[in-house]
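# Observations on the model geometry
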Amino acid sequence: MALLYCACAVIALIAPLGVLAWRSVSGPDGGITLAYYGRYLSSPSLRRSLIDTGVLGGLAIVSTLPLAFLFAYGLERSNIRLKGALAAIGTLPLLAPSLLPAMALVYLFGRQGLLTPWLHGHVIYGAGGVLLAEVVGAFPHAVILLRTALSAADGRLYEQAQMLGASPWRIFWTVTFPAARYGLVSAAMVVFTLAITDIGAPVVIGGDFNVLALDVYKQVLGQQNFEMGAVVAMLLLAPSALFMGLERMAMRRQSAMISARSTGFVASPSRLRDGGLWLGCGAIALAIVGLLAVCQMVALVKMWPYDLSPSATSYDLGRYDGGWISILNSVELALAVAVVGAAVAFAGAYVTQRTRGTPALRHAFSLMALLPAAAPGLALGLAYALFFDDPANPFHFLYGGFAILVIATVTHFYTVAHLTSMSALKALDPEMEPAAAMLGRGPATVFWRIATPICAPALVEIALYLFVNAMTTVSVVVFLYPADFKLASVAVLNMDDAGDMGPAAAMGMLIFYVNLAVRIAGQWGAGVLRRRLAPIPQASRG
Amino acid sequence: MGRSIIAAKQAARAAPRLLLLSALALVGACAPQKRVVVYTAAEADQLPMYAAAFKKAHPDIELVWVRESTGVLTAKLLAEKKAPRVDAVFATAATSISELDEQGVLAPYTPLGGDRLDQRFRDPEQPPYWNGEALFSSAICVNTIEAAKRGLPIPRTWEDLTKPIYKGAISMPDPASSGTGLLTVNGWLQAWGETKGWDYMDRLDKNIVSYDPSGSKPCKDAARGEVPIGISFDFRASRTKGEGAPIEVVVPPNAVGWDLEASAVVAGAAHPKAAQIFTDWAMSDDAMKLYADSFSMVGVTRFNKPAPYLPTDLANRLAPMDLAWTARNRVRILAEWSKRYEGKAAHKE
Amino acid sequence: MLSVQGLSKRFGAAVALDGVDLEIERGAFTCLIGPSGCGKTTCLRVLAGLEPATSGVVLSEGRDITGLSAAARGVGMVFQSYALFPNMTVSQNIAFGLSRKTSPLVRQRRVDELLQMVGLPGFGARRPVQLSGGQQQRVAIARALAPEPRVLLLDEPLSALDPQVRERLRGELKDLQRRLGVTTVMVTHDQAEALAIADHIAVMRAGRVEQSGAPQDIYDAPTSAFVAGFVGAMNLLPARVSAAGVVEAAGLGSMAAATAGFAIGEAVQLGIRPEAIVLAPPGMADGVGARIHRREFLGAVVRLDVLAGVGAVPLLVDVPAHCAPLSDDALRLVLPPQRLRLFAVD
């Protein structure tokens with residue numbers, strides 16, 4: 001089993017990325033050359049985009065983290081009201097393709113934007129717009145990481161600090177902040193990676209502002225220049241791999257900080273703090289809901305911005321690229337990715353963690369399972385196109401089919417699915433397998449009859465995560481989807497390319513609603529499963 | 001090989017759909033025996049009309065559209081040369097089709113009534129590798145509300161667009177990714193010669209606010225007022241105005257670039273007979289009438305009728321163009337273009 | 001019944017079992033004890049068939065079962081955590097190991113019988129989380145017994161429980177085992193538990209069986225200083241055989257002891273249990289002078305921590321609570337020669 005998993009990891013990840021790296025350095029005569037890198041770096045426009053990309057990532061960190069920290073702090077460390085609603089709203093951007101917030105920003109601050117007069121003659125196109133859109137997109141990721149960091153507070157430290165007479169301000173800087181520092185580092189890394197690898201926002205709102213991800217897209221789809229695309233993809237892959245590596249280190253440190261004897265933290269009542277946090281968090285939530293509402297509104301008017309009478313013309317999606325079928329295609333892909341991905345990742349985690357043979361292979365697989373997080377979707381998608389397109393490849397038959405979309409998407413989002421499975425399985429008594437073995441039942445029985453039912457809530461959550469991401473991703477599928485199998489997220493991109501902003505907003509919101517419905521259903525299902533397994537509340541023993 | 005791939009793909013795709021929409025999958029399994037798979041760069045909003053007409057003419061043949069932008073479509077066909085996945089090409093720029101022809105992607109076929117075609121719409125070779133359907137050409141969409149707001153006069157000629165007053169007011173398609181962009185640039189280069197053409201673009205570039213990925217976007221952006229002036233193409237301009245957008249369609253008096261929408265049979269097609277039937281239909285009177293609803297000039301001249309919002313003397317305004325020259329020089333022109341304007345574009349902020 | 005011969009187990013370079021020999025009698029309750037890392041759990045897992053042995057054989061009724069799988073050995077096991085399947089009811093847990101070929105009715109009857117046997121009738125529909133620790137243990141035993149194993153293996157079954165529950169349950173465990181008559185091997189690190197429950201004890205150290213025998217024999221006649229120190233409390237003093245029947249204990253002086261097996265002049269360890277030391281009645285000049293350094297009241301006995309002899313050698317002395325000296329004044333200790341044991345120096 002471990003061998004099978006390692007083989008799959010090599011075919012689905014290592015080999016394609018290897019081919020990508022190889023193509024970026026292989027000259028037309030078959031020799032190794034750095035000429036493409038040289039050409040890229042000597043082109044002033046492309047070199048410029050390299051620098052701009054780095055600046056964009058840095059600015060995204062600086063702008064996202066304070067907002068996300070405020071939001072997470074409000075949710076974890078205060079007594080503000082409507083925490084549940086705020087928390088739910090904070091994650092909404094995850095459910096929409098990354099183009100959607102960018103489009104909303106165009107409607108608000110474009111040349112005809114509702115709020116453009118506020119900008120006093122400026123427009124949102126360019127670096128500022130891309131940055132804002134990336135902040136919206138990365139915000140939920142940062143909030144999730146920071147909430148984890150802040151929720152792990154050790155109440156004893158606060159009691160100690162209070163006993164020593166420290167002011168709230170001093171407690172914040174000496175206790176809260178240091179405790180969250182690894183969470184901040186890991187959030188920073190994730191924000192950076194998301195910001196530099198996204199293509200949705202630069203396409204919609206970038207104007208003349210160019211970034212590496214856009215270069216890959218243009219080189220490959222616009223000019224069919226795969227070698228140059230591979231070079232840019234490699235340039236994109238290097239920092240994201242580095243940053244994701246740092247992120248994992250920070251995560252490990254973070255979890256090491258919660259000692260077994262930590263006690264929970266209960267926020268003390270404070271009107272001033274809670275009032276301020278409520279205003280801040282409320283404003284952020286309002287902004288998120290506002291962006292989505294603007295998109296929905298634009299999708300429902302007759303002719304933005306001149307005729308705002310209600311109309312369903314934008315929903316006549318058959319007239320536009322992709323059409324209604326693309327949303328069905330996307331749901332089909334997302335379902336396949338969710339089911340296949342959750343099953344494969346869970347079984348893989350089971351094999352790595354809970355079987356005993358071939359330790360070297362299991363170790364190798366658990367390392368490889370962390371790699372996809374470091375590979376940007378565009379790089380992976382391009383690597384697939386290069387790897388599977390080769391007729392000499394025995395897996396060439398997959399190219400241009402549905403299966404390759406599923407494999408690529410599952411691979412792209414594998415790390416989170418794997419790690420979630422691992423931690424769900426870790427909660428399982430390590431003596432389950434020996435206990436079953438003593439009763440004449442092998443690991444397969446334990447997997448089906450014990451591990452799977454117990455981890456069912458986690459499995460639902462993994463499937464949910466995969467579904468939502470498969471619905472919204474553009475980068476990993478844009479080079480791979482068969483021409484007769486358009487996907488909704490790509491359709492949004494194409495509609496935007498064609499200038500069909502209304503239908504693009506309609507389609508984007510459709511993706512959002514599908515995801516919202518699936519998430520509500522999935523979380524309800526996971527809740528039911530969890531309650532079924534949960535201990536009946538009983539008097540605490542000791 | 002190619003067929004088995006498609007069959008395997010369909011089987012692979014049927015599995016999840018079976019879970020999802022088993023009824024649909026069953027319908028799919030009992031599809032008509034004959035089918036024809038067609039790559040097309042036609043505008044998405046034109047396709048349903050063509051599909052309905054073809055279905056009426058040939059109810060026994062299942063028509064499968066695969067729509068892509070011109071650039072992507074060309075690249076895919078080139079990549080799939082050894083194992084074609086499609087049977088025919090429809091409503092795709094003749095420039096791109098010529099390039100495909102040179103690469104040996106196409107099969108020669110004289111459609112029924114091919115001799116009715118106007119000279120301009122014919123492949124010089126006999127038998128022809130492609131057949132023109134309709135002619136499309138550059139057009140300028142000017143948002144009258146925004147122009148008034150900014151105090152911009154309506155431009156009438158290409159030269160007008162380079163006036164300093166239009167600084168930051170114009171967008172046009174990027175010729176690297178848009179067929180419209182390419183034909184517009186070629187119109188200038190072939191009407192005025194390369195030196196004058198590039199000089200013109202240098203001056204125009206000072207006024208350009210963005211180079212868009214598609215030929216439609218500049219006009220649709222103009223319709224929304226995102227930009228006052230968008231260089232686009234005739235069908236998009238008249239369709240957008242017809243939908244009620246506050247724009248005026250301007251066709252300059254000369255050097256208007258153009259290209260043909262054309263059909264062709266793909267060499268090594270899985271369904272060659274159906275591909276020929278489809279091409280016959282694409283050249284039929286019925287199809288020509290449909291083209292004439294969208295375009296002012298179609299392959300069979302007698303169906304021409306004035307298109308709304310477009311000048312009746314369009315033919316006189318067109319640049320003298322050699323499609324074969326365009327096809328041969330495409331790569332060189334694009335390289336020159338990106339050297340001049342892409343590098344500059346990034347610094348524009 | 002079960003016979004283990006020359007059993008070795010290596011994990012890479014680490015040696016977990018280093019030639020274990022063990023005889024397990026039919027129907028007996030055998031305890032494997034030893035400090036952590038001595039290999040007792042590994043030994044149990046090899047017996048169970050969960051770990052393959054590196055070398056050596058396991059015989060069951062004279063039949064070599066070393067290569068057999070866990071299920072084929074006719075061995076049941078209760079794990080330290082009980083490893084009950086939390087998603088299944090008590091009945092489903094117990095029925096887990098029953099053959100799927102038997103009819104559901106037969107299986108249900110067997111489950112009910114087992115629940116009755118472990119004293120949990122009517123608990124079948126509950127889930128493990130709804131049971132107390134002791135009840136969970138009994139379900140785990142019922143589950144292990146369901147396929148009617150010839151041997152029941154228990155891995156620290158009491159360690160997860162509170163001290164009071166532990167004492168009660170070890171009695172119940174012993175009762176159950178006696179009632180069923182099933183051959184049982186239990187691993188524990190708690191020597192008091194082993195002494196209380198076992199018919200037979202094997203003391204392990206560094207992958208070997210150091211001594212095995214009845215609890216009383218192990219306690220009274222440990223064959224090594226290690227066993228002596230591990231099972232019960234034992235004062236161990238450096239000493240030297242000065243003549244036949246005489247040892248010279250450092251700081252305490254000469255005293256009579258059985259020195260058979262030791263050479264004159266050989267360094268030895270002199271052992272005596274705290275309860276074997278006798279307080280000399282006041283006024284008697286016998287024994288060694290000592291003074292009380294600290295005293296611990298343990299209920300029935302008082303443990304005196306004394307400094308004895310000219311060398312102020314620390315010794316533990318247990319005296320019945322009602323006989324404990326009232327003051328910390330000097331007292332005299334008698335070390336009865338028949339209770340003195342000599343051990344080779346490690």
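Just so it is clear, the structure is predicted and the values come from calculations on it, not from any experiment.

Here we come to the overall build of chain A. Of the regular secondary structure elements, chain A holds 23 helices and two strands. Within chain A, contacts between residues separated by at least 24 positions form 81% of all contacts whose residues are at least 6 apart in sequence.

Residue and element names in this part refer to chain B. Domain annotation for chain B reports domain 1 (32-135 + 259-303) and domain 2 (137-258 + 314-346). Spacing between the C-alpha centres of domain 1 and domain 2 amounts to 27 Å. Taken together, the contact between domain 1 and domain 2 spans 18 residues of the former and 16 residues of the latter. For the side of domain 1 that touches domain 2, the secondary structure elements donating two or more residues are helix H4 (70-79) and helix H5 (94-102). By residue number, the principal contributor to the side of domain 1 that touches domain 2 is H5, which donates six residues. Taken together, the residues of the side of domain 1 that touches domain 2 break down into six nonpolar, eight polar and four charged.

A few words now on the sheet that holds strand E6 (residues 75-78) of chain C. Residue and element names in this part refer to chain C. Ordered by their spatial adjacency, six strands build an open sheet running E6-E7-E8-E3-E9-E10, and the pairing between neighbours is mixed. Unpaired on one side and paired on the other, E6 and strand E10 (208-213) mark the two borders of the sheet. The sheet shows a mean angle of 20 degrees between the axes of neighbouring strands, direction not considered. With four bridges connecting them, E6 and strand E7 (residues 151-155) associate as parallel partners. Directly across from valine 78, in E7, lies its bridge partner leucine 154. In the packing of helix H4 (residues 133-145) onto the sheet, the strands contacted are E6 and E7, and the crossing angle to E6 comes to about 165 degrees.

Glancing now at helix H13 (residues 271-299) of chain A. Residue and element names in this part refer to chain A. Helix length check: H13 (29 residues) gives 41 Å between terminal C-alpha atoms against 42 Å at 1.5 Å per residue, within 8%. All buried positions along H13 are accounted for by Leu277, Cys281, Ile284, Ala285, Ile288, Leu291, Leu292, Val294, Cys295, Val298 and Ala299. Its buried side turned inward, H13 meets helix H3 (44-77), helix H4 (83-90), helix H5 (99-109), helix H6 (127-151), strand E1 (301-303) and helix H23 (501-533).

A word on the nonpolar core. Nonpolar side chains tend toward joint burial in soluble globular proteins. Counting 405 residues, the largest nonpolar core has Met103(A), Leu146(A), Val191(A), Leu382(A) and Phe467(A) as its most contacted members. Sequence-distant contacts of Val191(A), that is, excluding residues within four places in its chain, are made with Ala60(A), Ile61(A), Thr64(A), Leu65(A), Ala138(A), His141(A) and Ala142(A).

With that settled, the discussion passes to the packing of helix H21 (residues 456-472) of chain A against H23(A). All names here are of chain A. Axis separation between H21 and H23 bottoms out at 9 Å; the angle between their running directions is 175 degrees. In terms of their interaxial angle, H21 and H23 are classed as roughly antiparallel. Contacts between H21 and H23 pair Ala456, Pro457, Val460, Glu461, Leu464, Phe467, Val468, Met471 and Thr472 from the former with Ile511, Val514, Asn515, Val518, Arg519, Gly522, Gly525, Ala526, Leu529 and Arg530 from the latter.

Attention now goes to the arrangement of the chains. Taken together, the two pairs of chains in contact show their highest number of contacts between chains A and B. Across all C-alpha pairs, the smallest distance from chain B to chain C is 28 Å, and the two are not in contact.

Take unusual backbone geometry next. In the segment running from Trp304(A) into Pro305(A), the intervening peptide bond is cis, with an omega of -5 degrees. Along the chain, Pro305(A) turns up in the loop between E1 and strand E2 (307-310). At Tyr309(B), a position not held by glycine, the phi torsion is positive, near 65 degrees. Relative to the elements of secondary structure, Tyr309(B) occurs in the loop between strand E11 (297-298) and helix H13 (314-317).

Rules behind the numbers
- Residues numbered from 1 in each chain as written.
- Chains lettered and ligands numbered in written order.
- Predicted model: local features only at pLDDT ≥ 70, side-chain atom pairs only at ≥ 80, totals over all residues.
- Helix = DSSP H or I, 4+ residues; strand = E, 2+ residues; numbered from the N terminus.
- Contact = placed C-beta atoms within 7 Å.
- Domains from an automatic or database assignment.
- Nonpolar A, V, L, I, M, F, W, Y, C, P; charged D, E, K, R; others polar.
- Pairing = 2+ DSSP bridges.
- Axes fitted to C-alpha atoms, helices over the stretch in contact; angles between N-to-C directions.
- Expected span 1.5 Å × (residues − 1).
- Buried ≥ 20, exposed ≤ 12 C-beta atoms within 10 Å, placed from the backbone.
- Core = buried A, V, L, I, M, F, W, Y, C linked by C-beta atoms within 7 Å.
- Parallel < 35°, antiparallel > 145°, perpendicular 65-115°, else oblique.

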